[in-house]
Amino acid sequence: MKRLLIRLAWFAGSLLLASLLIFAATNWLPGDIASVLLGTNATPEAVAAKRVELGLDRPFLVRYLEWLGGVVSGDFGTSMINGRSVTATIAPRLEVSLWLVLFGTLGSLLLALPVGTFAAVRRRHLDGFVVSALSQIGLAVPAFWAGIWLVVLFAVRLQWLPAGGYVPYWESPAQWALHLILPVTALSIVQASVISRYVRTAVIDVLHTDYFRTARAIGWGKVGALWRHGLRNISISLLTVVGLQVATLLVGAIIIEQVFALPGLGSRLLLAVTQRDLVVVQGIVLVLVWAVLLINFLVDVAYQMLDPRLKREAT
Amino acid sequence: MKLVVDELSVRFGDTLAVDKVSFAVGETERLGIIGASGSGKSVTSLAIAGLLSETARVSGSIKFDGQELVGLRERDYRRLRGNRFSMIFQEPMTALDPTMRVGLQIAEAIALHDRRTGKRLTVEEELQRVGITDPGRVADSFPHQLSGGQRQRAMIAMAIVNKPDLVICDEPTTALDMVVQRNILHVLDDVLTDRAALFISHDLGVVREVCPRVIVMQEGHIVEEGPIDAVIAAPAHDYTARLVAAARGEL
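Conventions used here
Throughout, residues of each chain are indexed from 1 in the direction in which the sequence is written. Throughout, the order in which chains and ligands are written sets their labels, letters from A for the former and numbers from 1 for the latter. Local features are withheld for residues below a pLDDT of 70 in this predicted model, meaning they are given only at 70 or higher, and side-chain atom pairs are given and counted only at 80 or more; totals for whole chains, interfaces and linings count all residues. Note on definitions: angles span 0 to 180 degrees between N-to-C directions of axes, and those axes are lines fitted to C-alpha atoms, for helices only across the stretch in contact. Helix numbering and strand numbering both begin at the N terminus, where a helix is a DSSP run of H or I of at least 4 residues and a strand a DSSP run of E of at least 2. Throughout this description, any angle smaller than 35 degrees is read as roughly parallel, any larger than 145 degrees as roughly antiparallel, any in the 65 to 115 degree range as roughly perpendicular, and the remainder as oblique. By definition, any crossing whose near helix is turned counterclockwise from its far helix by less than a right angle is left-handed, and any crossing with a clockwise turn is right-handed. Ten residues, namely Ala, Val, Leu, Ile, Met, Phe, Trp, Tyr, Cys and Pro, are considered nonpolar, four, namely Asp, Glu, Lys and Arg, are considered charged, and the remaining ones, Gly among them, are considered polar. Either an automatic procedure or a domain database provided the assignment from which the domain bounds are taken. Note on contacts: each residue gets a C-beta atom placed from the backbone, and two residues are in contact if those atoms are within 7 Å. The length a helix should cover is 1.5 Å for every residue beyond the first. With C-beta atoms placed from the backbone, a residue counts as buried when 20 or more other C-beta atoms lie within 10 Å of its own, as exposed when 12 or fewer do, and as partly exposed for counts between those limits. Here, a strand pair is defined by DSSP locating no fewer than two bridges between the strands.

What follows covers the packing of helix H5 (residues 86-121) of chain A against helix H8 (residues 173-207) of chain A. Residues and elements named next belong to chain A. Orientation of H5 relative to H8, taken along the N-to-C sense of each, is 40°, at an axis distance of 5 Å. In terms of their interaxial angle, H5 and H8 are classed as oblique. Along this stretch, H5 crosses H8, giving a crossing that reads as right-handed. Counted by class, the contact of H5 with H8 contains 21 nonpolar, nine polar and one charged residues.

The next point concerns the domain arrangement of chain B. Residue and element names in this part refer to chain B. The domain architecture assigned to chain B consists of domain 1 (3-84 + 165-250) and domain 2 (98-163). Taking only C-alpha atoms into account, the centre of domain 1 sits 25 Å from that of domain 2. Taken residue by residue, the interface counts twelve residues in domain 1 and 13 residues in domain 2. Of all the elements, helix H8 (residues 178-191) adds the most residues to the side of domain 1 that touches domain 2, at six residues.

Before going further, it helps to examine the packing of helix H9 (residues 210-217) of chain A against helix H10 (residues 222-259) of chain A. Residue and element names in this part refer to chain A. Relative to each other, H9 and H10 sit at 140°, their axes nearing to 10 Å. One element, H9, and the other, H10, form an angle in the oblique class. Here H9 runs over H10; the crossing is right-handed. For the pair formed by H9 and H10, the contact residues are Tyr 211, Phe 212, Ala 215 and Arg 216 on the first element and Ala 225, Arg 228, His 229 and Gly 230 on the second. Of the residues that constitute the contact of H9 with H10, the class distribution is four nonpolar, two polar and two charged.

Time to look at H8(B). Its 14 residues place the ends of H8(B) 20 Å apart at the C-alpha level, agreeing with the 20 Å of an ideal helix rising 1.5 Å per residue. Among the structural elements, helix H7 (148-160), strand E7 (166-170) and helix H9 (204-210) of chain B are those in contact with the buried residues of H8(B).

This part covers the environment of Trp176(A). Residues and elements named next belong to chain A. Its place among the elements puts Trp 176 in helix H8. Judged by C-beta crowding, with 15 C-beta atoms within 10 Å, Trp 176 ranks as partly exposed. If near-sequence neighbours (up to four positions away) are discounted, Trp 176 is found in contact with Val 167, Pro 168 and Tyr 169.

All names here are of chain B. Among the five residues in E7, five count as buried, and that is most of the element. The pairing of E7 with strand E8 (residues 196-201) spans five bridges and is classified as parallel. Within E8, the residue paired with Leu 166 across the bridge is Ala 196.

Here we come to the sheet that holds strand E4 (residues 56-64) of chain B. Residues and elements named next belong to chain B. A sheet is described by the order of its strands in space; here four strands give the open sequence E2-E1-E4-E5, paired in antiparallel fashion. The sheet is open, and its two borders are formed by strand E2 (15-25) and strand E5 (67-68), each paired with just one other strand. Judged from the eight bridges that link them, strand E1 (residues 3-12) and E4 form a sheet pairing that is antiparallel. What sits directly across from Arg 11, in E4, is Arg 57. Set on the sheet, helix H1 (residues 41-49) makes contact with E1, E2 and E4; between it and E2 the angle comes to about 70°.

Listed below in structure tokens is the structure:
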């Protein structure tokens, strides 16, 4: 319990530090928002006046605390470009990104566990080698390329699924699901090749453990022993890899968002950067970084709950 | 005869790990197999259990209750393992699943061969039988929460829970300290009564505690066999003589 509290304190500290770094980085970025807004012909006086209007002349720390206070109460500020609430801009896009990440991770696990296990158990046979090689080819395939081929095949040729776009769940659950299938599949395939490689190594390790031999000795078959005893032991270290993958997905889904014209966080971030809309950039980067930190924190906690040896030291 | 091994050979690639080994174990007999590491004694026991890696090439014959085990289909083998014969391994810390409570692991051994699931009561009874005084706590513990002796007792409970005809013990006391080793040998002596047993060890003194008859293996061959006292009194083979000399201090 004490250990958990310490972790929690660290987590809170890292959230705070991340917010400070992000705020500092976006504020010290070259390219003054006031001159961007006024165009290249603006007089220095006009720019200075605009800076005062935007509140940019006040001390850094004051502006940071003001921003942080807003963020904590759910107000990410207003866009400097269109004057709209950043929270309202981000929220629906965060939802899209979260679905992508969630289903992308689940899908990649569903693919990677059986593929990696098969490749491990049959590693001395041709079929195991072929599966292993194929999943390695998957490593080299960029997600957008897989996405384009999926669109060509299932949307253009067969016309089973929409080629792109997004329908919110509350509008039509069926359409929502249909629009997510292709992008999630593209993400899953690419992520799965990374994870399956890891699963293969981990399963080979399990095959050589004493507890696996014991499981066989009491009457489990190979698959049964792996399912019952291997998976539990693998899941502990697999968690770390999946946690990292989720973090990658969160940011990496941006390309898939482009391919499938999904209104996710990544594409909005790109737009904000090209517009030099610092408040929106700050908001989105903060959400992404905090999400990654949160995932790491959850992985840490889950790690201790899964491994009974660590649990004892924790209590 | 419960177990008849005839001209058993095991080859890994170009290496011959076991070379034409033959021996037999009676219905309630305990046979010790002695040898240094690499002598082929563990490979022999794993060959009997059908648990060698798939790179192993096994030839010869292993008859268990008259049933040929060499070349037996995995599906049929699985029904025998943990049920008609069972195994006890050297290092109970790693031989038990570190992420699963001990009682559950024993219950699993029961459930695998019995349509009725492993009942909590049976698990605790079995733990009591191997000399555990607080079976409830031990059943609820993870392996790392138990002492080496408790872990090996749990391992033994797992091996005898389905009342097997044959128990293969592969260095069951090697990882334990002297006092615990003595207690575990006592438990084994008790639970192996009225069963056939193979007792594999590099330690002549330990084998003498439980086995009246012994075979000595070296580099995949049987170099000597006979009643253990006779072997110790008059070792016929060089290697055995060295083993006896080495063990002399403890005997």
